[in-house]
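Working through the structure, step by step
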Amino acid sequence: MTEGAYRPYEDLSFMHEASQNFLGDFEHDFVTFTGWCINNYINEHNHRENTGYSPESYGLHSSDNITKPSSFDLNAHVKKFIEPKREEWCWLYDLLEDFDSKNTLINILAYRCLGWRYVPMPLDNKDFWSTLEELESDTNKTLEDSLIDIGLFDTQLSNFNLEALGHKLNILASPNGIFTEILYSQYNYRGNDIKITPVDGDVVLDCGACFGATSLFLASQVGESGKVFSFEFFPKNIETFKQNLKSNKLFEKKITLIEAPVWSIDHVPMEVRGVGPATRVLLLNKGVRVERWCKKTLDTLLAALFPKYKKRYTSSYRFIVNAVSIDCEYQRQSMKSVDFIKMDIEGSELSALKGAKATILKHQPILAICVYHNLKDFYEIPKFISELKIGYQFYLQHSTVHGDETVLFAYVPNK
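Not measured: the values here are computed from a predicted model. (Residues numbered from 1 in each chain as written. Predicted model: local features only at pLDDT ≥ 70, side-chain atom pairs only at ≥ 80, totals over all residues. Heavy atoms only, no water.)

So, on to the packing of helix 2 (residues 26-40) against helix 5 (residues 86-95). Angle between the axes and distance between the axes are the two parameters that describe a pair of packed helices. Orientation of helix 2 relative to helix 5, taken along the N-to-C sense of each, is 95 degrees, at an axis distance of 9 Å. Considering their axes alone, helix 2 and helix 5 lie roughly perpendicular with respect to each other. Across the interface between the two elements, Phe26, Glu27 and Asp29 of helix 2 pack against Arg86, Trp89, Cys90 and Tyr93 of helix 5. (Axes fitted to C-alpha atoms, helices over the stretch in contact; angles between N-to-C directions. Helix = DSSP H or I, 4+ residues; strand = E, 2+ residues; numbered from the N terminus. Parallel < 35°, antiparallel > 145°, perpendicular 65-115°, else oblique. Contact = heavy atoms within 4.5 Å.)

Below, the structure written as structure tokens:
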């Protein structure tokens, strides 16, 4: 942890204006912010769609045909959105340690409630877009064999040499991945008064390592005596991960790849679904056949509604893999300590944290946990961590122009 951090690329001018009348009460501040958005903002560009991701399942969409002025009562919609879990949102708002985190919660919940048309995002500004354009133009186009089509997301990975940007890394990734995982370092907390990151000598767990960009970035932060244990199970991701390791000899020996997903129970069989960064694991049970039928029906409906996304809803893998728990893997790997745990595992974060309970109680590591996969994770995950009664402080950060990549940080001061 270091002092004096800042948030590069973000334009927070709208938040400064919208929060002038905040009182520190969640319900009041949320209604105040959404009211400002409804009255002062309209966006014509769906950035998630433009950057090639699947449609978001939340917020108001252009297909709802809701534009200003409208007979649709947006303010009533806002109040209806928070009412079912109002106590939980109030609790979380009070729990968060700084104004940056509280404002982030208000901003991202407003986005999930109203959607891209009505709610601005801090990264949606010329600095971000020009940086992304630079990354796209800097792609090493001569290495044809480094371009990988991973199918479901039509994502092409390209070679990026980042030495000129201050990172001794040569990584196969997408431009968005390079920005979010390294330049913007979404797993480093950037508050006005505090920065939370791994430091020299730390042992880091990267759960949901995907192509390895985050693992390599974390390895570059922990110095000569540090260590990164990376958990990834999808074959194509592992293939790219290993290719990235070979291209980064400086950090290769500091990273141990464990080819398994993390879960609450050790050696439990899981069904793998999907492909690429959004691959999910689910417990095998009687409901699998029903869920498969529902998924097939949903795929058909989405393909009809969004023809340009047809491929990503019809390309998928399914196989069985044995999950591991962090507590058991801690013993198997003879880890000297655990100082930092990052998780981005497509909605399995709470289960994985339960399987890390003993390790967390023993070492009190910094936690950087994605909470955006399920709305209830925003409050259920900090509730679980808080109930361990270790003395964690909580921070929240968001790192895209759309609704994905919200990370909860839990940190024990003066450990």
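Next up on the list: the sheet that holds strand 9 (residues 255-258). The mixed open sheet is built from seven strands, whose spatial order is 9-8-7-13-14-16-15. Of all the strands in the sheet, the pair left with one neighbour each is strand 9 and strand 15 (393-398). Across the sheet, the mean angle from the axis of one strand to that of its neighbour is 15 degrees, orientation sign disregarded. Relative to strand 9, strand 8 (residues 227-231) runs parallel, the two being bridged by four bridges. Among the inter-strand pairings, Ser230 is bridged to a residue of strand 9, identified as Leu257. (Pairing = 2+ DSSP bridges.)

For the rest of this paragraph, the subject is the side chain of Asn125. Mapped onto the elements of the fold, Asn125 is located in the loop between helix 6 (99-114) and helix 7 (126-137). Once residues lying within four places of it in the same chain are set aside, the contact partners of Asn125 are Tyr9, Glu10 and Asp11.

The subject of this paragraph is helix 5. Of the positions making up helix 5, those classed as buried are Trp89, Cys90, Leu92 and Tyr93. Projected down its long axis, helix 5 carries its buried residues within an arc of 165 degrees, all on one side. Away from its buried face by more than 90 degrees, helix 5 exposes Glu87 and Asp94. Elements that come into contact with the buried residues of helix 5 comprise helix 2, helix 4 (74-82), helix 6 and helix 17 (377-386). (Buried < 20%, exposed > 50% of the residue type's maximum accessible area, 1.4 Å probe, protein only. Arc of directions from axis to C-beta.)

Now for the packing of aromatic side chains. For the coordinates displayed, the defined rule picks out 13 aromatic pairs. Taking the centre distance of 4.9 Å and the plane angle of 70 degrees together, the rings of Tyr9 and Phe179 count as edge-to-face. One end of the pair, Tyr9, is in the loop between strand 1 (2-3) and helix 1 (13-18); the other, Phe179, is in helix 8 (residues 175-183), and 170 residues separate them in sequence. Residue Phe179 is classed as buried on the basis of its relative accessible area of 1%. Plain terms: the ring middles of Phe26 and Phe30 are 5.5 Å apart, the flat faces sit at 20 degrees to each other, and that makes the pair stacked. Placement of the pair is Phe26 and Phe30 together in helix 2, with a separation of four residues, close to one helical turn. There is no split in this pair, since Phe26 and Phe30 are both buried. Arg112 extends its terminal NZ or CZ atom over the ring of Tyr58, reaching a point 4.3 Å from the ring centre. Against the face of Phe229 rests Lys227, its NZ or CZ located 5.5 Å from the ring centre. (Phe/Tyr/Trp six-rings, centres within 6.5 Å; stacked < 30°, edge-to-face > 60°. Lys NZ or Arg CZ within 6 Å of the ring centre and 35° of its normal.)

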